[in-house]
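# Structural overview for review
Each chain, letter by letter, is given below.
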Amino acid sequence: MNNFSEDLKKVLLAGIGAVAVTAEKSKEVVEELVKKGELTVEQGKVLNEELKHNVAEKLRKPVSVETVEKDLQNMDVEDLETLKAKIEELQKEKNETNE
């Protein structure tokens, strides 16, 4: 049973990490569009706020294993590596807190 709870915790962390990676990537894309002049600074700020709101909404919804698996399948290798690093960072912080 302990292995199951650890695996479930990892899946949930992966879901949270996937949302975090998506938010970071989205912010980078918006900033790049502002630099290129395709969005005004004001439009970029509004879009970033909408993205933050959408991420917050996603975090409020329950996460299922199926949802996380689907999200992970849609990620490219670079994003998966970023997610893996984020999960390891979260696990390290959690372990340090428990010590």
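Residues numbered from 1 in each chain as written. Predicted model: local features only at pLDDT ≥ 70, side-chain atom pairs only at ≥ 80, totals over all residues. Heavy atoms only, no water.

A separate point is the overall build of the protein. Summing up its helical and strand segments, the protein has four helices and zero strands in all. Walking the protein from its N terminus toward its C terminus, one meets helices and strands in the order α-α-α-α. Counting across all 99 residues of the protein, residues that qualify as buried make up 16%. Pairs at least 24 apart in sequence give 67% of the contacts found in the protein among residues at least 6 apart. As displayed, the protein offers around 7,800 Å² of accessible surface, 53% of which is attributable to carbon and sulfur atoms. (Helix = DSSP H or I, 4+ residues; strand = E, 2+ residues; numbered from the N terminus. Buried < 20%, exposed > 50% of the residue type's maximum accessible area, 1.4 Å probe, protein only. Contact = heavy atoms within 4.5 Å. Areas by Shrake-Rupley, 256 points an atom, 1.4 Å probe, with all protein chains shown as cover.)

So, on to the nonpolar core. The biggest cluster of nonpolar side chains holds seven residues, and these are A14, A18, V21, V68, M75, L83 and I87. Of all the secondary-structure elements, those providing two or more residues to this core are α1 (2–36) and α4 (77–98). Take this core: its biggest share by element is three residues, from α1. If we ignore the near neighbours within four places in the chain, the residues touching A18 are M75 and L83. (Core = buried A, V, L, I, M, F, W, Y, C linked by side-chain atoms within 4.5 Å.)

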